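Below, each chain spelled out in residue letters.
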Amino acid sequence: MVESTIILLDNSEWMRNGDYIPTRMLAQQDAADTICYAKSEQHPQNTLAVMSSAGSSPEVQIPLTSAQDGLLNAIRSVKLSGKCDLATSLRVAQLVLRNRENKAGGQRIVIFVGSPVEEDSKQLIRLAKQLKKSNIACDVVSFGEVEQNAQILTEFIEAVNKSGNSHLVAVPAGPHLLSDVLISTPIVMGENSSDSSTTSTVGGGMSMGGGDVEDPMIAEAIRASLMTHAQEATTTGNDATTAATDATDTDVAMLGEEDDEEALLQHALMMSMQAEDSCSGNTTKAAAVSTPATPTPAPATETGSTAAQEEEDDEEEALRLALQMSMADGGAGETSEPAATPMDTEDDDVAAMMADPEFLQSLYGDLPGVDLTDSRIQDVLSQVTQEEEEEGSGDAEEEKKE
(Lines give C-alpha, C1' and ligand atoms only; values in the text may rest on other atoms or scores of the structure.)
Protein backbone atom coordinates (compact mmCIF):
# COMPACT_ATOMS: atom_id res chain seq x y z
CA MET A 1 0.00 0.00 0.00
CA VAL A 2 1.19 3.53 -0.77
CA GLU A 3 2.31 5.33 2.35
CA SER A 4 3.42 8.86 3.28
CA THR A 5 6.10 8.85 5.98
CA ILE A 6 7.68 11.65 7.98
CA ILE A 7 11.09 11.01 9.56
CA LEU A 8 11.41 13.10 12.73
CA LEU A 9 15.08 13.51 13.69
CA ASP A 10 16.38 14.44 17.14
CA ASN A 11 18.93 17.21 16.54
CA SER A 12 19.37 18.30 20.16
CA GLU A 13 22.76 18.87 21.80
CA TRP A 14 22.54 15.34 23.26
CA MET A 15 23.35 14.01 19.80
CA ARG A 16 27.00 15.03 20.23
CA ASN A 17 27.63 12.08 22.55
CA GLY A 18 29.92 9.36 21.22
CA ASP A 19 28.41 6.35 23.02
CA TYR A 20 27.03 5.15 19.66
CA ILE A 21 29.26 4.47 16.65
CA PRO A 22 30.51 6.94 15.54
CA THR A 23 28.25 9.47 17.33
CA ARG A 24 24.54 9.61 18.16
CA MET A 25 23.87 12.10 15.36
CA LEU A 26 25.78 10.21 12.67
CA ALA A 27 24.27 6.88 13.75
CA GLN A 28 20.78 8.44 13.58
CA GLN A 29 21.45 9.86 10.09
CA ASP A 30 22.69 6.48 8.87
CA ALA A 31 19.55 4.80 10.21
CA ALA A 32 17.34 7.45 8.58
CA ASP A 33 19.07 6.79 5.23
CA THR A 34 18.29 3.09 5.63
CA ILE A 35 14.61 3.81 6.29
CA CYS A 36 14.40 6.05 3.19
CA TYR A 37 15.83 3.30 0.98
CA ALA A 38 13.54 0.66 2.51
CA LYS A 39 10.37 2.73 2.08
CA SER A 40 11.26 3.49 -1.55
CA GLU A 41 11.82 -0.22 -2.25
CA GLN A 42 8.50 -1.20 -0.69
CA HIS A 43 6.49 0.92 -3.17
CA PRO A 44 7.73 3.30 -5.90
CA GLN A 45 5.01 5.82 -5.10
CA ASN A 46 5.84 6.10 -1.41
CA THR A 47 6.73 9.62 -0.31
CA LEU A 48 8.84 10.75 2.64
CA ALA A 49 9.58 14.01 4.45
CA VAL A 50 12.32 14.98 6.90
CA MET A 51 11.78 17.11 10.01
CA SER A 52 14.00 18.27 12.88
CA SER A 53 12.56 18.40 16.41
CA ALA A 54 15.09 20.64 18.24
CA GLY A 55 16.30 24.19 17.96
CA SER A 56 14.21 27.34 18.22
CA SER A 57 11.24 25.46 16.71
CA PRO A 58 10.60 22.22 14.77
CA GLU A 59 11.45 22.61 11.10
CA VAL A 60 10.46 20.74 7.96
CA GLN A 61 13.76 20.10 6.18
CA ILE A 62 12.09 18.76 3.03
CA PRO A 63 8.37 18.19 2.28
CA LEU A 64 6.88 14.89 1.14
CA THR A 65 8.77 13.67 -1.91
CA SER A 66 10.03 10.50 -3.56
CA ALA A 67 13.41 11.97 -4.62
CA GLN A 68 16.12 10.05 -2.78
CA ASP A 69 18.83 12.67 -3.39
CA GLY A 70 16.78 15.43 -1.82
CA LEU A 71 15.93 13.25 1.19
CA LEU A 72 19.53 12.26 1.82
CA ASN A 73 20.74 15.84 1.49
CA ALA A 74 18.05 17.01 3.91
CA ILE A 75 19.08 14.37 6.46
CA ARG A 76 22.75 15.40 6.24
CA SER A 77 21.98 19.12 6.47
CA VAL A 78 20.32 18.96 9.91
CA LYS A 79 22.29 20.98 12.50
CA LEU A 80 22.53 20.37 16.22
CA SER A 81 20.79 22.97 18.39
CA GLY A 82 18.99 23.26 21.72
CA LYS A 83 16.54 20.74 23.18
CA CYS A 84 13.99 18.44 21.59
CA ASP A 85 10.34 19.59 21.51
CA LEU A 86 8.53 16.33 20.82
CA ALA A 87 4.95 17.53 21.34
CA THR A 88 5.19 20.50 18.96
CA SER A 89 7.03 18.36 16.38
CA LEU A 90 4.20 15.80 16.38
CA ARG A 91 1.60 18.53 15.81
CA VAL A 92 3.57 19.93 12.84
CA ALA A 93 4.02 16.44 11.39
CA GLN A 94 0.27 15.83 11.69
CA LEU A 95 -0.40 19.02 9.66
CA VAL A 96 2.08 17.98 6.98
CA LEU A 97 0.41 14.60 6.59
CA ARG A 98 -3.02 16.19 6.50
CA ASN A 99 -1.96 18.26 3.45
CA ARG A 100 -0.44 15.34 1.52
CA GLU A 101 -1.37 14.85 -2.14
CA ASN A 102 -2.31 11.16 -2.01
CA LYS A 103 -5.17 11.16 0.48
CA ALA A 104 -5.89 7.44 -0.06
CA GLY A 105 -2.45 6.25 1.12
CA GLY A 106 -1.33 5.41 4.63
CA GLN A 107 0.27 7.82 7.09
CA ARG A 108 3.26 7.19 9.36
CA ILE A 109 5.67 9.12 11.57
CA VAL A 110 9.08 7.59 12.40
CA ILE A 111 10.33 9.28 15.57
CA PHE A 112 13.98 9.20 16.66
CA VAL A 113 14.36 9.93 20.39
CA GLY A 114 17.97 10.22 21.62
CA SER A 115 17.53 12.75 24.43
CA PRO A 116 15.42 12.87 27.61
CA VAL A 117 11.70 13.44 26.90
CA GLU A 118 10.64 16.52 28.88
CA GLU A 119 6.93 16.44 27.95
CA ASP A 120 4.31 15.30 30.44
CA SER A 121 2.94 11.78 30.02
CA LYS A 122 -0.66 13.01 29.86
CA GLN A 123 0.23 15.50 27.10
CA LEU A 124 1.85 12.79 24.96
CA ILE A 125 -1.05 10.37 25.51
CA ARG A 126 -3.51 13.05 24.41
CA LEU A 127 -1.45 13.66 21.25
CA ALA A 128 -1.27 9.89 20.64
CA LYS A 129 -5.07 9.63 20.70
CA GLN A 130 -5.37 12.51 18.22
CA LEU A 131 -2.90 10.78 15.88
CA LYS A 132 -4.77 7.49 16.22
CA LYS A 133 -8.02 9.25 15.36
CA SER A 134 -6.37 10.64 12.19
CA ASN A 135 -5.17 7.12 11.25
CA ILE A 136 -1.52 8.08 11.67
CA ALA A 137 0.80 5.25 12.75
CA CYS A 138 3.95 5.96 14.76
CA ASP A 139 7.27 4.11 14.99
CA VAL A 140 9.65 5.19 17.76
CA VAL A 141 13.40 4.50 17.76
CA SER A 142 14.66 5.02 21.32
CA PHE A 143 18.41 5.24 21.79
CA GLY A 144 20.79 7.11 24.06
CA GLU A 145 18.53 7.65 27.06
CA VAL A 146 16.76 4.29 26.72
CA GLU A 147 15.99 3.54 30.39
CA GLN A 148 14.94 7.10 31.23
CA ASN A 149 12.43 7.30 28.33
CA ALA A 150 11.21 3.69 28.45
CA GLN A 151 8.00 4.23 30.42
CA ILE A 152 6.69 7.38 28.72
CA LEU A 153 7.44 6.08 25.22
CA THR A 154 5.77 2.76 25.96
CA GLU A 155 2.63 4.54 27.11
CA PHE A 156 2.70 6.71 23.96
CA ILE A 157 2.93 3.65 21.64
CA GLU A 158 0.15 1.85 23.47
CA ALA A 159 -2.10 4.90 23.07
CA VAL A 160 -1.39 5.45 19.38
CA ASN A 161 -1.28 1.79 18.30
CA LYS A 162 -4.15 0.60 16.09
CA SER A 163 -4.19 -3.04 15.00
CA GLY A 164 -0.42 -3.35 15.51
CA ASN A 165 0.52 -0.52 13.13
CA SER A 166 2.85 1.25 15.62
CA HIS A 167 6.16 -0.01 17.07
CA LEU A 168 8.78 0.93 19.64
CA VAL A 169 12.39 -0.24 19.21
CA ALA A 170 14.85 0.52 22.01
CA VAL A 171 18.54 0.24 21.11
CA PRO A 172 21.03 0.49 24.01
CA ALA A 173 24.59 1.65 23.38
CA GLY A 174 27.00 -1.02 22.21
CA PRO A 175 29.36 -2.07 19.43
CA HIS A 176 26.48 -2.44 16.96
CA LEU A 177 25.35 0.05 14.32
CA LEU A 178 21.92 1.60 14.81
CA SER A 179 21.04 1.08 11.15
CA ASP A 180 21.98 -2.63 11.29
CA VAL A 181 19.75 -3.16 14.30
CA LEU A 182 16.75 -1.54 12.58
CA ILE A 183 17.06 -3.67 9.42
CA SER A 184 15.35 -6.68 11.02
CA THR A 185 12.62 -4.65 12.77
CA PRO A 186 9.10 -3.79 11.53
CA ILE A 187 10.20 -0.13 11.19
CA VAL A 188 12.31 -1.07 8.16
CA MET A 189 10.83 -4.39 7.08
CA GLY A 190 7.19 -3.30 7.36
CA GLU A 191 4.66 -6.01 6.51
CA ASN A 192 7.47 -8.42 5.53
CA SER A 193 8.87 -8.50 9.06
CA SER A 194 8.63 -11.78 10.97
CA ASP A 195 8.65 -9.85 14.26
CA SER A 196 5.33 -8.03 14.57
CA SER A 197 5.57 -7.20 18.28
CA THR A 198 4.68 -3.68 19.28
CA THR A 199 7.63 -3.17 21.66
CA SER A 200 11.07 -4.71 21.35
CA THR A 201 14.46 -4.09 22.91
CA VAL A 202 17.68 -5.04 21.18
CA GLY A 203 20.52 -6.22 23.40
CA GLY A 204 24.21 -5.45 23.21
CA GLY A 205 24.91 -7.88 20.35
CA MET A 206 24.53 -7.63 16.60
CA SER A 207 21.17 -8.34 14.98
CA MET A 208 21.54 -11.08 12.37
CA GLY A 209 18.59 -12.63 10.63
CA GLY A 210 15.76 -13.29 13.07
CA GLY A 211 17.60 -12.96 16.40
CA ASP A 212 20.50 -11.41 18.31
CA VAL A 213 23.92 -13.06 18.45
CA GLU A 214 26.40 -12.23 21.20
CA ASP A 215 29.90 -12.58 19.72
CA PRO A 216 32.74 -10.46 21.16
CA MET A 217 35.07 -11.26 18.23
CA ILE A 218 32.55 -10.04 15.66
CA ALA A 219 31.84 -6.94 17.72
CA GLU A 220 35.56 -6.20 18.01
CA ALA A 221 36.06 -6.72 14.27
CA ILE A 222 33.21 -4.33 13.50
CA ARG A 223 34.63 -1.74 15.90
CA ALA A 224 38.09 -2.02 14.31
CA SER A 225 36.58 -1.70 10.82
CA LEU A 226 34.64 1.40 11.81
CA MET A 227 37.72 2.98 13.40
CA THR A 228 39.75 2.28 10.25
CA HIS A 229 37.03 3.77 8.08
CA ALA A 230 36.86 6.88 10.27
CA GLN A 231 40.65 7.30 10.13
CA GLU A 232 40.64 6.97 6.33
CA ALA A 233 37.87 9.56 6.05
CA THR A 234 39.82 11.91 8.33
CA THR A 235 43.04 11.36 6.35
CA THR A 236 41.25 12.00 3.07
CA GLY A 237 39.76 15.20 4.44
CA ASN A 238 43.16 16.36 5.72
CA ASP A 239 44.80 15.57 2.36
CA ALA A 240 42.12 17.54 0.53
CA THR A 241 42.57 20.45 2.92
CA THR A 242 46.36 20.33 2.54
CA ALA A 243 46.08 20.20 -1.26
CA ALA A 244 43.72 23.16 -1.27
CA THR A 245 46.09 25.09 1.04
CA ASP A 246 49.11 24.29 -1.15
CA ALA A 247 47.23 25.36 -4.26
CA THR A 248 46.26 28.60 -2.58
CA ASP A 249 49.85 29.25 -1.47
CA THR A 250 51.11 28.51 -5.00
CA ASP A 251 48.61 30.94 -6.51
CA VAL A 252 49.60 33.61 -3.99
CA ALA A 253 53.30 33.05 -4.74
CA MET A 254 52.69 33.25 -8.50
CA LEU A 255 50.73 36.45 -8.04
CA GLY A 256 53.54 37.85 -5.90
CA GLU A 257 56.13 36.97 -8.57
CA GLU A 258 54.00 38.56 -11.27
CA ASP A 259 53.64 41.70 -9.17
CA ASP A 260 57.44 41.79 -8.61
CA GLU A 261 58.14 41.36 -12.33
CA GLU A 262 55.65 44.07 -13.22
CA ALA A 263 57.22 46.43 -10.67
CA LEU A 264 60.72 45.71 -12.05
CA LEU A 265 59.56 46.35 -15.62
CA GLN A 266 57.97 49.65 -14.62
CA HIS A 267 61.13 50.68 -12.76
CA ALA A 268 63.34 49.75 -15.74
CA LEU A 269 61.08 51.68 -18.10
CA MET A 270 61.25 54.78 -15.91
CA MET A 271 65.08 54.50 -15.70
CA SER A 272 65.29 54.14 -19.48
CA MET A 273 63.08 57.18 -20.07
CA GLN A 274 65.15 59.24 -17.63
CA ALA A 275 68.37 58.13 -19.33
CA GLU A 276 66.99 59.04 -22.77
CA ASP A 277 65.88 62.45 -21.52
CA SER A 278 69.29 63.04 -19.92
CA CYS A 279 71.14 62.02 -23.10
CA SER A 280 68.91 64.17 -25.27
CA GLY A 281 69.40 67.15 -22.96
CA ASN A 282 73.18 66.73 -22.89
CA THR A 283 73.37 66.30 -26.67
CA THR A 284 71.31 69.43 -27.26
CA LYS A 285 73.39 71.51 -24.88
CA ALA A 286 76.67 70.25 -26.34
CA ALA A 287 75.51 70.91 -29.88
CA ALA A 288 74.38 74.42 -28.99
CA VAL A 289 77.73 75.29 -27.34
CA SER A 290 80.24 73.58 -29.65
CA THR A 291 78.77 73.46 -33.16
CA PRO A 292 75.81 75.67 -33.99
CA ALA A 293 75.24 73.83 -37.29
CA THR A 294 74.37 70.42 -35.66
CA PRO A 295 72.12 71.09 -32.65
CA THR A 296 69.17 68.74 -32.23
CA PRO A 297 66.32 70.24 -30.26
CA ALA A 298 64.68 67.99 -27.66
CA PRO A 299 61.26 66.61 -28.64
CA ALA A 300 58.52 68.86 -27.34
CA THR A 301 55.29 67.61 -25.83
CA GLU A 302 52.37 69.96 -25.62
CA THR A 303 50.94 69.88 -22.15
CA GLY A 304 49.19 73.22 -22.14
CA SER A 305 49.56 76.83 -23.11
CA THR A 306 52.19 77.46 -20.39
CA ALA A 307 54.44 74.62 -21.56
CA ALA A 308 54.18 75.75 -25.18
CA GLN A 309 55.11 79.33 -24.27
CA GLU A 310 58.10 78.16 -22.25
CA GLU A 311 59.26 75.99 -25.16
CA GLU A 312 59.04 78.93 -27.57
CA ASP A 313 61.06 81.11 -25.17
CA ASP A 314 63.73 78.41 -24.87
CA GLU A 315 64.01 78.10 -28.67
CA GLU A 316 64.27 81.87 -29.06
CA GLU A 317 66.97 82.06 -26.39
CA ALA A 318 68.88 79.18 -28.04
CA LEU A 319 68.75 80.93 -31.41
CA ARG A 320 69.93 84.17 -29.87
CA LEU A 321 72.84 82.42 -28.16
CA ALA A 322 73.79 80.54 -31.33
CA LEU A 323 73.84 83.75 -33.39
CA GLN A 324 75.94 85.56 -30.83
CA MET A 325 78.44 82.71 -30.56
CA SER A 326 78.65 82.42 -34.35
CA MET A 327 79.37 86.11 -34.66
CA ALA A 328 81.92 85.93 -31.86
CA ASP A 329 83.71 82.99 -33.54
CA GLY A 330 83.72 84.81 -36.88
CA GLY A 331 85.16 87.98 -35.34
CA ALA A 332 87.82 86.02 -33.48
CA GLY A 333 88.85 84.20 -36.65
CA GLU A 334 89.17 87.38 -38.63
CA THR A 335 91.15 89.23 -35.94
CA SER A 336 93.58 86.32 -35.58
CA GLU A 337 94.77 86.85 -39.15
CA PRO A 338 96.52 90.02 -40.28
CA ALA A 339 93.89 92.59 -41.03
CA ALA A 340 94.29 94.48 -44.29
CA THR A 341 91.18 96.55 -43.83
CA PRO A 342 90.10 98.99 -41.14
CA MET A 343 87.77 98.14 -38.21
CA ASP A 344 84.80 99.95 -39.68
CA THR A 345 85.11 97.84 -42.86
CA GLU A 346 84.90 94.61 -40.82
CA ASP A 347 81.81 95.81 -38.99
CA ASP A 348 80.19 96.72 -42.28
CA ASP A 349 81.01 93.27 -43.67
CA VAL A 350 79.44 91.54 -40.62
CA ALA A 351 76.31 93.62 -40.91
CA ALA A 352 76.13 92.88 -44.63
CA MET A 353 76.50 89.14 -44.02
CA MET A 354 73.76 89.15 -41.40
CA ALA A 355 71.49 90.97 -43.81
CA ASP A 356 72.27 88.55 -46.66
CA PRO A 357 69.39 85.98 -46.91
CA GLU A 358 71.47 83.43 -48.86
CA PHE A 359 74.25 83.45 -46.26
CA LEU A 360 71.78 82.98 -43.44
CA GLN A 361 70.02 80.20 -45.37
CA SER A 362 73.32 78.33 -45.85
CA LEU A 363 74.28 78.85 -42.21
CA TYR A 364 70.98 78.05 -40.38
CA GLY A 365 68.70 76.54 -43.02
CA ASP A 366 69.80 72.97 -42.23
CA LEU A 367 68.79 73.25 -38.59
CA PRO A 368 65.60 71.27 -37.89
CA GLY A 369 62.65 73.44 -36.90
CA VAL A 370 64.35 76.75 -37.94
CA ASP A 371 62.35 78.97 -40.29
CA LEU A 372 64.26 82.08 -41.36
CA THR A 373 61.04 83.71 -42.46
CA ASP A 374 59.71 83.56 -38.92
CA SER A 375 59.05 87.02 -37.48
CA ARG A 376 60.87 86.24 -34.26
CA ILE A 377 64.07 85.27 -36.11
CA GLN A 378 63.82 88.41 -38.27
CA ASP A 379 63.47 90.55 -35.15
CA VAL A 380 66.56 88.96 -33.60
CA LEU A 381 68.61 89.48 -36.79
CA SER A 382 67.53 93.11 -37.04
CA GLN A 383 68.40 93.71 -33.39
CA VAL A 384 71.86 92.11 -33.79
CA THR A 385 72.56 94.11 -36.98
CA GLN A 386 71.49 97.33 -35.30
CA GLU A 387 73.70 96.60 -32.27
CA GLU A 388 76.69 95.94 -34.55
CA GLU A 389 76.11 99.15 -36.46
CA GLU A 390 75.84 101.17 -33.24
CA GLU A 391 79.04 99.60 -31.89
CA GLY A 392 80.81 100.32 -35.18
CA SER A 393 79.76 103.94 -35.25
CA GLY A 394 80.72 104.40 -31.59
CA ASP A 395 84.24 103.02 -32.21
CA ALA A 396 84.66 105.28 -35.22
CA GLU A 397 83.75 108.35 -33.19
CA GLU A 398 86.23 107.42 -30.44
CA GLU A 399 89.00 106.98 -33.02
CA LYS A 400 88.26 110.40 -34.47
CA LYS A 401 88.41 112.03 -31.08
CA GLU A 402 91.74 110.37 -30.35
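What you see is a predicted model; the values in this text were computed from it and never measured. (Residues numbered from 1 in each chain as written. Predicted model: local features only at pLDDT ≥ 70, side-chain atom pairs only at ≥ 80, totals over all residues. Heavy atoms only, no water.)

Details of empty space enclosed by the protein
Link 1 in the chain: According to the stated counting rule, one finds one cavity of 30 Å³ or more in the structure shown.
Link 2 in the chain: A volume near 50 Å³ is recorded for the largest cavity.
Link 3 in the chain: Looking at the largest cavity, the residues that line it are Cys84, Leu86, Phe112, Val113, Ser115, Pro116, Val117, Glu118 and Glu119.
Link 4 in the chain: Residue classes in the lining of the largest cavity are distributed as six nonpolar, one polar and two charged. (1 Å grid on protein atoms, 1.4 Å probe; cavity = no way out; pocket = protein on both sides within 12 Å on 5 of 7 lines; lining within 4 Å. Points joined across faces, edges and corners; volume = space filled by probe spheres on them. Nonpolar A, V, L, I, M, F, W, Y, C, P; charged D, E, K, R; others polar.)

As for the pairing of strand β4 (residues 106-113)
Link 1 in the chain: Burial analysis of β4 places eight of its eight residues in the buried class, which makes it a mostly covered element.
Link 2 in the chain: Along β4, one buried face is formed by Gly106, Arg108, Val110 and Phe112 and the opposite face, lined by Gln107, Ile109, Ile111 and Val113, is buried too.
Link 3 in the chain: Pairing analysis gives six bridges linking strand β1 (residues 3-9) to β4, with the strands arranged parallel. Note that in β4 the partner of Leu8 across the bridge is Ile111.
Link 4 in the chain: Of the pairings in the sheet, the one linking β4 to strand β5 (residues 136-143) comprises seven bridges and is parallel in character. When the sheet's bridge partners are listed, Val113 is paired in β5 with Ser142.
Link 5 in the chain: Handedness of the β-α-β unit built from β4, helix α4 (residues 121-133) and β5 comes out right-handed. (Buried < 20%, exposed > 50% of the residue type's maximum accessible area, 1.4 Å probe, protein only. Helix = DSSP H or I, 4+ residues; strand = E, 2+ residues; numbered from the N terminus. Pairing = 2+ DSSP bridges. Right-handed = clockwise from strand over helix to strand, strands pointing away.)

Things to note about the side chain of Ser89
Link 1 in the chain: Structurally, Ser89 is set in helix α3 (residues 86-98).
Link 2 in the chain: Classification of Ser89 as buried rests on a relative accessible area of 0%.
Link 3 in the chain: Residue contacts for Ser89: discarding those within four places in its chain leaves Leu8, Met51, Ser52, Ser53 and Pro58. (Contact = heavy atoms within 4.5 Å.)

Quick look at the packing of aromatic side chains
Link 1 in the chain: Following the criterion strictly, the structure yields two aromatic pairs and no others.
Link 2 in the chain: On the basis of an interplanar angle of 85° and a centroid distance of 5.6 Å, the ring pair of Tyr20 and Phe143 is categorised as edge-to-face. Linking Tyr20 in the loop between β1 and α1 (24-42) with Phe143 in strand β5, this pair joins segments that are 123 residues apart in sequence. The burial state of Tyr20 is the same as that of Phe143; both residues are buried.
Link 3 in the chain: Their ring planes at 80° and their centres at 6.5 Å tell us that Phe112 and Phe143 sit as a pair that is edge-to-face. Of the two residues, Phe112 sits in strand β4 while Phe143 sits in strand β5, which places them 31 residues apart along the sequence.
Link 4 in the chain: Judged by relative accessible area, Phe112 falls into the buried class, the value being 1%.
Link 5 in the chain: Within the aromatic cluster, the residues linked to one another by ring pairs are Tyr20, Phe112 and Phe143. (Phe/Tyr/Trp six-rings, centres within 6.5 Å; stacked < 30°, edge-to-face > 60°.)

A few points about the nonpolar core
Link 1 in the chain: Ile7, Leu9, Phe112 and Leu178 are the most contacted members of the largest nonpolar core, which has 31 residues in total.
Link 2 in the chain: Element by element, the count of residues in this core is highest for α1, at seven residues.
Link 3 in the chain: Excluding residues within four positions of it along the chain, Leu178 makes contact with Ala27, Gln28, Ala31, Phe112, Val141, Phe143 and Val171.
Link 4 in the chain: Formed by 29 residues, the second largest nonpolar core is a distinct cluster that contains Met51, Cys84, Ala87 and Leu97. (Core = buried A, V, L, I, M, F, W, Y, C linked by side-chain atoms within 4.5 Å.)

Description of the packing of α4 against helix α5 (residues 146-160)
Two numbers describe a pair of packed helices, the interaxial angle and the distance between the axes.
Link 1 in the chain: For the pair α4 and α5, interaxial distance at closest approach is 8 Å and the crossing angle is 25°. Taken together, the axis directions place α4 and α5 in an arrangement best described as roughly parallel. Between α4 and α5 lies a crossing of right-handed hand. Facing Ser121, Leu124, Ile125, Ala128, Leu131 and Lys132 of α4, the residues of α5 in contact are Ile152, Glu155, Phe156, Ala159 and Val160.
Link 2 in the chain: Class assignment for the residues of the contact of α4 with α5 results in eight nonpolar, one polar and two charged. (Axes fitted to C-alpha atoms, helices over the stretch in contact; angles between N-to-C directions. Parallel < 35°, antiparallel > 145°, perpendicular 65-115°, else oblique. Left-handed = near helix turned anticlockwise from the far one by under 90°.)

Focus: unusual backbone geometry
Link 1 in the chain: The omega torsion of the bond from Ile21 to Pro22 falls at -10°, within 30 degrees of zero and hence cis.
Link 2 in the chain: Tracing the sequence through the fold places Pro22 in the loop between β1 and α1.
Link 3 in the chain: Of note in this structure, Ser163 is not a glycine but carries a positive phi near 60°.

Regarding α3
Link 1 in the chain: Over its 13 residues, α3 runs 18 Å from end to end, which matches the ideal 18 Å to within 8%, given 1.5 Å per residue.
Link 2 in the chain: For α3, the full list of buried residues reads Leu86, Ala87, Ser89, Leu90, Ala93, Gln94, Val96 and Leu97. (Expected span 1.5 Å × (residues − 1).)

So, the packing of α1 against helix α2 (residues 68-76)
Link 1 in the chain: Between α1 and α2, whose axes approach to 10 Å, the crossing angle comes to 165°. In this view, α1 runs roughly antiparallel relative to α2, as classed from their interaxial angle. Regarding α1 and α2, the two cross each other, and that crossing is right-handed. Residues Gln29, Asp30, Ala32, Asp33, Cys36, Tyr37 and Ser40 of α1 lie in contact with α2, whose contacting residues are Gln68, Leu71, Leu72, Ile75 and Arg76.
Link 2 in the chain: Partitioned by chemical class, the residues of the contact of α1 with α2 number six nonpolar, three polar and three charged.

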